[in-house]
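Spelled out from the first residue to the last, the chains are:
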Amino acid sequence: MELWDVYDRNRRKIGKTHVRGVPMAEGEYHIVTDIWTINLEGKLLLTQRHPNKTFGLWWECTGGSAQAGETSLDSVLRELSEEVGIHPRPEEVRLMHSTIRPDRFVDTYVTVQDVKKEDLKLQKEEVVDAMFITFDEVCELWGQGRMLPRERFPMYRDLLFQEVSQVLKRKAEEEKSF
């Protein structure tokens with residue numbers, strides 16, 4: 001049984017926990033975290049959801065709900081480790097966007113990691129495949145309705161593009177220096 005801390009609209013803990021799968025009461029919120037992993041080639045990691053999950057076989061960035069006692073950062077580090085076997089240091093992870101939805105706060109992070117598909121260790125209960133693709137390919141998948149998050153991606157798409165652009169710029173500068 002997975003438990004979440006419950007927060008009020010001002011993101012203050014209200015001193016109780018909530019069981020995953022039970023609808024939240026009105027005015028109560030929990031924390032959800034997502035993280036976009038960019039590799040040194042400037043490509044973004046997407047994972048394919050297990051077919052038995054809601055939105056089975058859809059593509060998504062890594063993420064999940066914060067468990068009771070976890071901070072948002074704790075949650076995103078745990079999800080990245082559990083689902084794909086990537087272990088960034090906290091200082092390598094940066095909050096890119098935060099929003100409030102009807103029953104949750106959603107924090108979207110970004111990290112740049114020296115990682116390739118063959119380095120990943122997929123959590124078979126959650127993830128059935130993974131790929132690194134370009135920003136344009138991510139936008140194409142989203143436009144085809146084959147990628148999560150559906151509603152939130154447009155909120156931070158430009159910020160994610162800036163992050164990818166910075167990685168590609170550093171890569172180009174490094175290649176010039178050789």
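For the structure, see preceding data.
Attention in this report is confined to the structure presented alongside it. (Residues numbered from 1 in each chain as written. Predicted model: local features only at pLDDT ≥ 70, side-chain atom pairs only at ≥ 80, totals over all residues. Heavy atoms only, no water.)

## A closer look at the pattern of salt bridges
All told, the structure shown has 19 salt bridges when counted by the stated rule. In this structure, the salt-bridge partner of Arg78 is Glu79, at a minimum N-O distance of 3.2 Å. Considered together, Arg78 and Glu79 belong to a single accessibility category, that of buried residues. Glu91 is the salt-bridge partner of Arg89, the closest N and O atoms lying 2.8 Å from each other. Classification of Arg89 by relative accessible area gives partly exposed; the value is 48%. Judged by its relative accessible area of 59%, Glu91 is exposed. Beyond isolated ion pairs, a larger network of salt bridges with shared partners links Glu70, Arg78, Glu79 and Glu82. (Salt bridge = Lys/Arg side-chain N within 4 Å of Asp/Glu carboxyl O. Buried < 20%, exposed > 50% of the residue type's maximum accessible area, 1.4 Å probe, protein only.)

## Description of unusual backbone geometry
The omega torsion of the bond from Leu148 to Pro149 falls at 0°, within 30 degrees of zero and hence cis. Residue placement: Pro149 occurs in the loop between strand E10 (147–148) and helix H3 (153–176). Despite not being glycine, Arg11 shows a phi value in the positive range, around 65°. As for its position among the elements, Arg11 is in the loop between strand E1 (3–7) and strand E2 (13–19). A relative accessible area of 30% places Arg11 in the partly exposed class. Positioned with a positive phi, Leu57 is a non-glycine residue whose angle comes to about 70°. For Leu57, the location among the structural elements is in the loop between strand E4 (44–49) and strand E5 (59–60). (Helix = DSSP H or I, 4+ residues; strand = E, 2+ residues; numbered from the N terminus.)

## Thoughts on the environment of Val6
Residue position: Val6 is located in strand E1. Separated by 18 residues in the primary sequence, Val6 and Met24 place their C-alpha atoms 8.9 Å from one another. When neighbours within four sequence positions are excluded, Val6 is seen to be in contact with Arg12, Lys13, Ile14, Gly15, Lys16, Thr17, His18, Met24, Glu28 and Tyr29. (Contact = heavy atoms within 4.5 Å.)

## Some remarks on the packing of helix H2 (residues 135–143) against H3
Between H2 and H3, whose axes approach to 11 Å, the crossing angle comes to 165°. When the axes of H2 and H3 are compared, the pair comes out roughly antiparallel. Helix-helix and strand crossings are classified by hand; for H2 and H3 the assignment is right-handed. Residue-level inspection shows Phe135, Val138, Cys139 and Trp142 of H2 in contact with H3, the latter providing Phe153, Pro154, Arg157, Leu160, Phe161 and Val164. Of the residues belonging to the contact of H2 with H3, the class tally is nine nonpolar, no polar and one charged. (Axes fitted to C-alpha atoms, helices over the stretch in contact; angles between N-to-C directions. Parallel < 35°, antiparallel > 145°, perpendicular 65-115°, else oblique. Left-handed = near helix turned anticlockwise from the far one by under 90°. Nonpolar A, V, L, I, M, F, W, Y, C, P; charged D, E, K, R; others polar.)

## Observations concerning H3
Count 3.6 residues to each turn of an α-helix, and residues three or four apart come out pointing the same way. Look at H3: 33 Å from first C-alpha to last across 24 residues, which is about the 34 Å you get at 1.5 Å a residue. At Leu159, H3 is deflected by roughly 30°, the largest bend along its length. Contacts from the buried residues of H3 go to strand E3 (30–39), E4, strand E7 (93–101), strand E8 (104–113), H2 and E10. (Expected span 1.5 Å × (residues − 1). Bend = angle between axes of the 7 residues up to and from the residue.)

## Quick word on H2
The complete set of buried residues in H2 reads Phe135, Val138 and Leu141. Buried residues of H2, seen end-on, are gathered within an arc of 120° and therefore sit on one face of the element. Every exposed residue of H2 that faces more than 90 degrees away from the buried side is listed here: Asp136, Glu140 and Gly143. Those residues of H2 hidden inside the fold are in contact with E3, E4, E5, strand E9 (127–133), E10 and H3. One or two residues past the end of H2 sits Gly145, with phi positive at roughly 70°. (Arc of directions from axis to C-beta.)

## Quick word on a nonpolar patch on the surface
Residues Met1, Leu3, Val19 and Val22 make up a contiguous nonpolar surface patch of about 380 Å² in total accessible area. Position of Met1 relative to the elements: it lies in the segment before E1. (Patch = residues over 30% accessible without salt bridge, like charges linked within 9 Å, V, L, I, M, F, W, Y side chains within 5 Å. Areas by Shrake-Rupley, 256 points an atom, 1.4 Å probe, with all protein chains shown as cover.)

From the geometry alone we can't say anything about function, so treat these as descriptive.
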